[in-house]
Amino acid sequence: MVMKLFDAHCHLQDDALFPAIGSVLARAAAAGVERMACCGTRSKDWNRIFQLSESYPQIFPMIGTHPWFVKGRDGSPSRPDNAARPAVEPYQDIQTLENLLRAHPEAGIGETGLDFQERFTNRAEQEASFAAHLDLARELNRSVAVHCVHAWGRLIEILRAYPAPRVLLHAFGGPAELVPELVTLNCWFSFCGAVANPRAKRVRAAAVAVPEDRLLIETDSPDFAPANCAMPNEPANLIHVINALSELRGTTVDSMIRYTFSNAESVFGAI
Ligand SMILES: [Zn+2]
């Protein structure tokens, strides 16, 4: 079996991984993880993302503002549970984002999206930020990494209004019935270690519904370590995701390794 894996979504810039990045990447390489898409979540991350991608060619850089870090209208942080954390960013940072993307034609856009869990009070601002990211993706022809929780109806409406060329719905948790329509909106779908959890019924149903040519795999490191893996999660754990997914979909690990890698190349480009 040729191990050649692509981690479609991770956060190597996170303080849980970045200080030991050399050994994190060595373990990833030993586990067959040849490429990784590394996603920024707020403007203070963005330089670190390029620092990583410029030092390590296997890292695909992505920059954007995660819905958790889009500032609310009153200027307060969007995360009341985390109000002490200072570095929330207004979506007005979109000009800085555009400038950096123009300076880095290799980069993708994300993480952006919508999170309508009750504790977030900035839905209108999240939607404006998401739309602005999608607009840039279309204009600059870039791939976009999207986080979506409890917002599937609005997600579809906004994707229709702001069509983007390549949208990766990361850690997909939407209903399986929406998959066909999302495919028509240029969406790909990636799954993390959550698929291994027998109680994650909705995620598992969706993982079966996604067409083979739209399926990707991710660790979402440093979060969501698969069962039996230590925290922080890291790209080297990607094989656990493949093992769980291939069992669920009734395909061989070998073929899934091949098609998820080439799907990731369709989204992020080949090197
Ligand atoms: Zn993420």
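Above: the structure in question.
So, here's what we can say about the structure. (Residues numbered from 1 in each chain as written. Predicted model: local features only at pLDDT ≥ 70, side-chain atom pairs only at ≥ 80, totals over all residues.)

1. Quick look at the overall build of the protein chain
So, step 1. Tallying secondary structure elements over the protein chain gives nine helices and eight strands in all.
So, step 2. Computed over C-alpha atoms, the radius of gyration of the protein chain comes to 17 Å, within 12% of the 18 Å expected from 2.2 N^0.38 for 271 residues, which places it in the range of a compact globule.
So, step 3. Along the three orthogonal principal directions, the C-alpha set of the protein chain runs to about 55 × 40 × 35 Å.
So, step 4. Here the protein chain holds 271 residues, and 48% of them are scored as buried.
So, step 5. When contacts within the protein chain are restricted to residue pairs at least 6 apart in sequence, long-range pairs at least 24 apart make up 69% of them. (Helix = DSSP H or I, 4+ residues; strand = E, 2+ residues; numbered from the N terminus. Rg over C-alpha atoms; globule rule 2.2 N^0.38 Å. Buried ≥ 20, exposed ≤ 12 C-beta atoms within 10 Å, placed from the backbone. Contact = placed C-beta atoms within 7 Å.)

2. Concerning the environment of Thr 112
So, step 1. Relative to the helices and strands, Thr 112 is located in strand β4 (residues 108–115).
So, step 2. Owing to 31 C-beta atoms within 10 Å, Thr 112 belongs among the buried residues under this scheme.
So, step 3. Taking C-alpha positions, Thr 112 is 9.3 Å from Gly 40, a pair spaced 72 residues apart along the chain.

3. Topic: the packing of helix α3 (residues 94–103) against helix α4 (residues 123–140)
So, step 1. Contact geometry for α3 and α4: axes closest at 11 Å, N-to-C directions at 25°. When the axis of α3 is compared with that of α4, the two are roughly parallel. For the crossing formed where α3 meets α4, the hand is right-handed. Note on element contacts: α4 touches α3 through Ala 132, Leu 136 and Leu 140, opposite Ile 94, Leu 97, Glu 98 and Leu 101.
So, step 2. For the contact of α3 with α4, the residue count by class is six nonpolar, no polar and one charged. (Axes fitted to C-alpha atoms, helices over the stretch in contact; angles between N-to-C directions. Parallel < 35°, antiparallel > 145°, perpendicular 65-115°, else oblique. Left-handed = near helix turned anticlockwise from the far one by under 90°. Nonpolar A, V, L, I, M, F, W, Y, C, P; charged D, E, K, R; others polar.)

4. Some remarks on helix α8 (residues 238–249)
So, step 1. With twelve residues, α8 should reach 16 Å at 1.5 Å per residue; the first-to-last C-alpha distance of 17 Å fits that figure.
So, step 2. Three or more residues of α8 are buried, namely Leu 238, His 240, Val 241, Ile 242, Ala 244 and Leu 245.
So, step 3. Against β1 (5–10), β2 (33–39), β7 (187–191), α7 (201–209), β8 (215–217) and α9 (253–268) lie the buried residues of α8.
So, step 4. Following α8 by one or two positions, Gly 250 has its phi on the positive side, about 65°. (Expected span 1.5 Å × (residues − 1).)

5. Focus: the sheet that holds β8
So, step 1. Taken together, the eight strands give an open sheet; going across it, the order is β1-β2-β3-β4-β5-β6-β7-β8, and neighbouring strands pair in parallel fashion. Because the sheet does not close on itself, it has two edges, and the strands there are β1 and β8. The mean angle between the axes of side-by-side strands here comes to 30°, regardless of whether they run parallel or antiparallel.
So, step 2. Here β4 runs beside strand β5 (residues 143–149); their pairing, made up of five bridges, is parallel. Within β5, the position partnered with Asp 115 by the bridge is Val 149.
So, step 3. Lying over the sheet, α9 contacts β1, β2, β3 (59–63), β4, β5, β6 (166–169), β7 and β8, oriented at roughly 95° with respect to β8. (Pairing = 2+ DSSP bridges.)

6. A short note on the pairing of β2
So, step 1. Burial within β2 is extensive, with six of its seven residues counted as buried.
So, step 2. When β1 meets β2, the two strands line up parallel, connected through four bridges. Pairing of Phe 6 across the sheet is with Arg 35, part of β2.
So, step 3. Here β2 runs beside β3; their pairing, made up of four bridges, is parallel. Counted as the bridge partner of Cys 39 is Met 62 from β3.
So, step 4. Following the backbone out of β2, through helix α2 (residues 43–55) and into the adjacent parallel β3, one traces a crossover that is right-handed. (Right-handed = clockwise from strand over helix to strand, strands pointing away.)

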